[in-house]
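One letter stands for each residue in the lines below.
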Amino acid sequence: MQNVLQEIGVDNYIYLSTILFCIGIFGVLFRRNAIVMFMSIEIMLNAVNLLLVVFSTYHQDAAGQVFVFFSMAVAAAEVAVGLAILVGIYRNIHSIDIDKLKNLKG
Amino acid sequence: MLTTVFYILSALTLATAFLTILTKNPIHSAIYLVICFFTIAGHYLMFNAQFLAVVHIIVYSGAIMILLLFTIMLMNLNKEDEPNKRGLTIIAAVASFCLVCFVLLAAFLKSMPIIEEYYVSGEDYQSIKILGQVLLDEKEGFMVPFEFASVLLLVSMIGAVLLSKKEEKISV
Amino acid sequence: METSLLLTLLLAPFAGFLFNIFFGKKVSRNISGTIGTIAVAVSFIVSLNFFFQINSTKQPILIDLFQWMTLENFNVNFSFLLDQLSVLWLLFVTGIGTLIHIYSISYMHDDENLNKFFAYLNLFIFFMIMLVVGSNLLIMFIGWEGVGLCSYLLIGFWYKNQDYNDAAKKAFIMNRIGDLGFLVGVFILGYLFNSIDFATMKTAIASGQSVDLGWLGFATLCLFIGASGKSAQIPLYTWLPDAMAGPTPVSALIHAATMVTAGIFMITRLNFLFDLTPDVQMIIAVVGAVTSLVAAFIALVQNDIKKVLAYSTVSQLGLMFLALGLGAYEIAVFHVITHAFFKACLFLGSGSVIHALGGEQDMRKMGGLRKYMKVTYITFFIATLAISGIPIFAGFFSKDEILMVAFHENKALWAIASLASIMTAFYMFRLLYLTFFKEFRGTEEQKHHLHESPSLITFPLVVLAILSTVGGFISFPGNSWLNGYLTPIFIGAREEHHLDGTTYMLMGIAVIGALIGIGMAYSNYIKKSQVPSEDSEITGFAKVLYNKFYVDEIYMAVIVKPIYAIASFSKNFIETAISGFVFGLGKVTNIVGNQGKAIQNGSVGFYLFVFVIASASFIAYLFLAQ
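- Under an unreviewed UniProt entry, chain C has the name NADH-quinone oxidoreductase subunit L and belongs to Flavobacterium macacae.

- As recorded in an unreviewed UniProt entry, chain A goes by NADH-quinone oxidoreductase subunit K and comes from Flavobacterium macacae.
- The record in UniProt for chain A states the following under Sequence similarities (unreviewed entry): "Belongs to the complex I subunit 4L family."

Pasting the structure below:
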């Protein structure tokens, strides 16, 4: 299985992760539900992670994979804090619809 | 054989990602997202990055998804309560989807000629042993960022606890 | 010793000013006036002292107080020069000033702002002394501006009357035009000589240092413009008749005896420069002669007693400038002195009349005052004889010398000046007859009030009348003390006019001319008992004269109206455009702000959308644009 890139080609992986990333963006813009938006962000993170691994294999360098570890750690921290914030918001306004979060209005 | 597996996996990844976004019920979204994460783990396995795949499954499919599901349950959101979206939102979302897609693909395609042909050196670069060395080597490794990552996790854990704690009524 | 004396001379009036302005209201009215008078009298005594010293030693005194400003090779010292000329000026400025102060104590007795009046008078004397004793043009300029300021304050002293305020403003603005000329002249002189010190410049000229005559001519012309503003010459004379709005002592002090002679003083001071530029001298002579004639014409038909005197002042100043232009500086100075005597006497006499009539200035409503006001009548008569050029009286000698010089230099100018002299005799006697002879033409109530003025008013009149009589002897033709006295201020020797046949002939012509003028006045106003008609009945040339050749109207149309037009254009168009632009910027900002506020709508979805678009744009720029 060493030659997976030889057989499939790096460009296919690029297309895959690009489309995956765009799906994440689409989700963030499309949905009003904050938790689903979180999920979209996770999809985007995974798209980037996937591309990192692809290029790590391509360059045969472990640093890319190490970077994925860190990115996972950050993602985990982000989810933990973000969800805690969402819980706080929900406690206050009994909804996590972002259309109802208009306190940023200038 | 590998090509077939790649296409099946990719199709699954994209389909479940779309379904995650398009399903109205958050619980269903979460379940589709789990499948999406598993397929990405499959991609990692295809690259022979077993350790990464395992960690990915543990962190994402395990920890993060459990967190998300718990939150959904906690807020009692397991119903299709999303109101009708405005047409403008849909247009904006589709437009930016297309735009970003176009821009990123164009950027990659433009840089494609720079990428040289793939070659196999045959040397081991992604076994757990090597990864551990790269990660924790004192001189050239990522020792310090690794320690900071642990501090980050600790801090976020404390922050999450504090944030989600019920506010006490403070008597003045 | 000399320094402290000079400071006394200078600061006594200033102290009087400070006292009157700050404490004048607190002390009684008489004390306020007395202190003001004493302040000037002290200066007069010091001036006398200096005069005797200079007259015996013949040495000018230079007192250097401190260095005012230092540029690379250009120094201005705060220093004072006391020489023959400035001491002479000091004498009559402080002397007549003292008399007029005495007069004012009584004349202004009922005015509520008496202390302010004396404060301004003292300040005026202070600046006048500064002007006269300054050793360089800049010190002179301090005084020059200061007397202009005091003139403004005093003309507009009865500031509740808007016409008087306008007259004050007019005087100030007219003077400003001249002041600009003065300043430009000073700058050019500073450039030419690297100094604006009188003594330095004089030494430079006397030692034959070559000077760019073109620039020098321009400088002297500018200085002459300054002088014509201060001394009311064409075209800047119109302020002086209007300046009669001030109280009569002010007219006597400032607009007859002292301030208006500042221009003549300045030109005499700088005679060595004017001598080098004959073209400018010619201009001065012509302007002087024409001014003299025009003002005499206008004076023929004026009915306001002070207006007649004002125009006669302009006319006499014109004669002085004629003398200056012909290079006869000492004669101009002589006429300044005699004129100061008799014109002050005339103004104060008219003030006495106005006082007696309770503020009436129209000669058509006077008449017959001879019976009621003996002293005023006699002194006024003497001064009128003096100004008309009747022998023995002061005006005869000085005016005759001017005519004589004019005859020698330029016959046309002589003819103009002679005509002006004849007219002077006519209108002055017209004034005298209308005011003091025949029957009283005012109201019964005024007639009841007619009285001789108190002795504080008549005393200065008597003194000035005596001076008007004997003042001419300081420069007796052929044997002139004044000419000898003034010689050191000139470069080189002065030619002396000897008494010869021509001289006697000219004297005869002048006297006959004066007598003709008097005779015409006598036949018109005594024999035929004419009284000038009402304003509306005046026709023909007399109407043009009565309206002062419409000069004010011409200035209004030619200068003031276009300026108004420019101003209104600036206001209505340029300002609108500019403010439209500025306000437009504000409005645009406001609109942008209001519209931009709508962007900050608080919708996280919208923020995310913008964020995505912006990120995409960045990526596009970074990776695709190259």
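## Thoughts on the overall build of chain A
Turning to step 1, where the next piece is worked out: Across its full length, chain A holds four helices and zero strands.
Turning to step 2, where the next piece is worked out: From first element to last, N terminus to C terminus, chain A shows the α and β order α-α-α-α.
Turning to step 3, where the next piece is worked out: For chain A, buried positions account for 53% of its 106 residues.
Turning to step 4, where the next piece is worked out: Of the contacts made within chain A by residues no fewer than 6 positions apart, 45% connect residues no fewer than 24 positions apart.

## Points about the overall build of chain C
Turning to step 1, where the next piece is worked out: Each helix and strand in chain C was counted, giving 25 helices and four strands.
Turning to step 2, where the next piece is worked out: Taken over 626 residues, chain C has a buried fraction of 50%.
Turning to step 3, where the next piece is worked out: Sequence separation of 24 or more characterises 80% of the internal contacts of chain C that already satisfy a separation of 6 or more.

## What to know about the interface of chain C and chain A
Turning to step 1, where the next piece is worked out: Facing the 10 residues of chain C at the interface are 11 residues of chain A.
Turning to step 2, where the next piece is worked out: The dominant element in the side of chain C that touches chain A, judged by the number of residues it contributes, is helix 25 (residues 604-624) of chain C, at five residues.

## Concerning the interface of chain A and chain B
Turning to step 1, where the next piece is worked out: Each side of the interface is counted separately: chain A has 63 residues, and chain B has 68 residues.
Turning to step 2, where the next piece is worked out: Elements represented by at least two residues in the side of chain A that touches chain B include exactly helix 1 (4-8), helix 2 (10-30), helix 3 (34-59) and helix 4 (63-93) of chain A.
Turning to step 3, where the next piece is worked out: Classifying every residue of the side of chain A that touches chain B by side-chain character gives 45 nonpolar, 12 polar and six charged.

## Concerning the UniProt feature "transmembrane region" (unreviewed entry) in chain A
Turning to step 1, where the next piece is worked out: UniProt annotation of "transmembrane region" (unreviewed entry) refers to residues 12-30, 35-55 and 67-90 of chain A when read in the numbering used here.
Turning to step 2, where the next piece is worked out: Across residues 35-55 of chain A, the secondary structure splits into 100% helix and 0% strand, with the terminal C-alpha atoms separated by 31 Å.

## Focus on the environment of D242 of chain C
Turning to step 1, where the next piece is worked out: Along the chain, D242 of chain C falls in helix 9 (residues 239-242).
Turning to step 2, where the next piece is worked out: Excluding anything up to four places from it in sequence, D242 of chain C contacts A167, K170 and A171 of chain C.

## Considerations on the packing of helix 15 (residues 329-356) of chain C against helix 16 (residues 374-388) of chain C
All names here are of chain C.
Turning to step 1, where the next piece is worked out: Between helix 15 and helix 16, the shortest axis-to-axis distance is 9 Å and the interhelical angle comes to 145°. In this structure, helix 15 crosses over helix 16, and the sense of that crossing is left-handed. Each of F342, C345, L346, G349, S352 and V353 in helix 15 lies in contact with helix 16, whose residues at this interface are T376, T379, F380, A383, A386 and I387.

## Quick look at the nonpolar core
Turning to step 1, where the next piece is worked out: In terms of nonpolar packing, the biggest core is built from 199 residues, with F124, L322, A323, A344 and A417 of chain C touching the most fellow members.
Turning to step 2, where the next piece is worked out: Discounting chain neighbours no more than four positions away, the residues touching F124 of chain C are V147, C150, L154 and I254 of chain C.
Turning to step 3, where the next piece is worked out: One finds F26 of chain A together with A49, L52 and I72 of chain B within the second-largest nonpolar core, a separate group that totals 72 residues.

## Observations regarding unusual backbone geometry
Backbone phi values are negative for most residues with the exception of glycine, while trans is the configuration of most peptide bonds.
Residues and elements named next belong to chain C.
Turning to step 1, where the next piece is worked out: With an omega of 5°, the peptide bond running from I234 to P235 counts as cis.
Turning to step 2, where the next piece is worked out: With respect to the helices, strands and loops of the structure, P235 is situated in the loop between helix 8 (213-230) and helix 9.
Turning to step 3, where the next piece is worked out: In this model, N194 sits at a positive phi of 60°, which is unusual for a non-glycine residue.
Turning to step 4, where the next piece is worked out: Tracing the chain through its elements places N194 in the loop between helix 6 (162-193) and helix 7 (198-206).
Turning to step 5, where the next piece is worked out: Phi angles above zero are rare outside glycine, and K438 is one such case at about 60°.
Turning to step 6, where the next piece is worked out: Mapping K438 onto the fold places it in the loop between helix 18 (411-436) and helix 19 (444-449).

## Things to note about the pairing of strand 2 (residues 75-82) of chain C
All names here are of chain C.
Turning to step 1, where the next piece is worked out: Both strand 1 (residues 61-70) and strand 2 contribute to a ladder of eight bridges, which runs antiparallel. When the sheet's bridge partners are listed, I63 is paired in strand 2 with F80.
Turning to step 2, where the next piece is worked out: Between the antiparallel neighbours strand 1 and strand 2 lie four residues.

## Quick look at the confidence of the model for chain C
Turning to step 1, where the next piece is worked out: Within chain C, residue pLDDT values average 86, and 97% of them lie at 70 or more.
Turning to step 2, where the next piece is worked out: Interface confidence for the predicted complex, given as ipTM, is 0.89, next to a pTM of 0.67.

## Details of the environment of I102 of chain C
Turning to step 1, where the next piece is worked out: By secondary structure assignment, the location of I102 of chain C is in helix 3 (residues 84-107).
Turning to step 2, where the next piece is worked out: Residues contacting I102 of chain C, with those up to four places away along its chain left out, are T37, L456, F459 and P460 of chain C.

## Comments concerning the packing of helix 3 of chain C against helix 20 (residues 455-470) of chain C
Residue and element names in this part refer to chain C.
Turning to step 1, where the next piece is worked out: Interaxial distance between helix 3 and helix 20 falls to 7 Å at its minimum, and their mutual angle equals 155°. In terms of axis orientation, helix 3 runs roughly antiparallel to helix 20. Considering how the two elements wind past one another, helix 3 and helix 20 form a crossing that is left-handed. Only L456, I457, F459, P460, V463 and L464 of helix 20 make contact with helix 3, whose side of the interface consists of L99, I100, I102, Y103, I105, S106 and Y107.
Turning to step 2, where the next piece is worked out: Counted by class, the contact of helix 3 with helix 20 contains 12 nonpolar, one polar and no charged residues.

The rules behind the values
- Residues numbered from 1 in each chain as written.
- Chains lettered and ligands numbered in written order.
- Predicted model: local features only at pLDDT ≥ 70, side-chain atom pairs only at ≥ 80, totals over all residues.
- UniProt positions renumbered as here; feature names shortened; annotations may be inferred.
- Helix = DSSP H or I, 4+ residues; strand = E, 2+ residues; numbered from the N terminus.
- Buried ≥ 20, exposed ≤ 12 C-beta atoms within 10 Å, placed from the backbone.
- Contact = placed C-beta atoms within 7 Å.
- Nonpolar A, V, L, I, M, F, W, Y, C, P; charged D, E, K, R; others polar.
- Axes fitted to C-alpha atoms, helices over the stretch in contact; angles between N-to-C directions.
- Left-handed = near helix turned anticlockwise from the far one by under 90°.
- Core = buried A, V, L, I, M, F, W, Y, C linked by C-beta atoms within 7 Å.
- Pairing = 2+ DSSP bridges.
- pLDDT = per-residue confidence, 0-100.
- Parallel < 35°, antiparallel > 145°, perpendicular 65-115°, else oblique.

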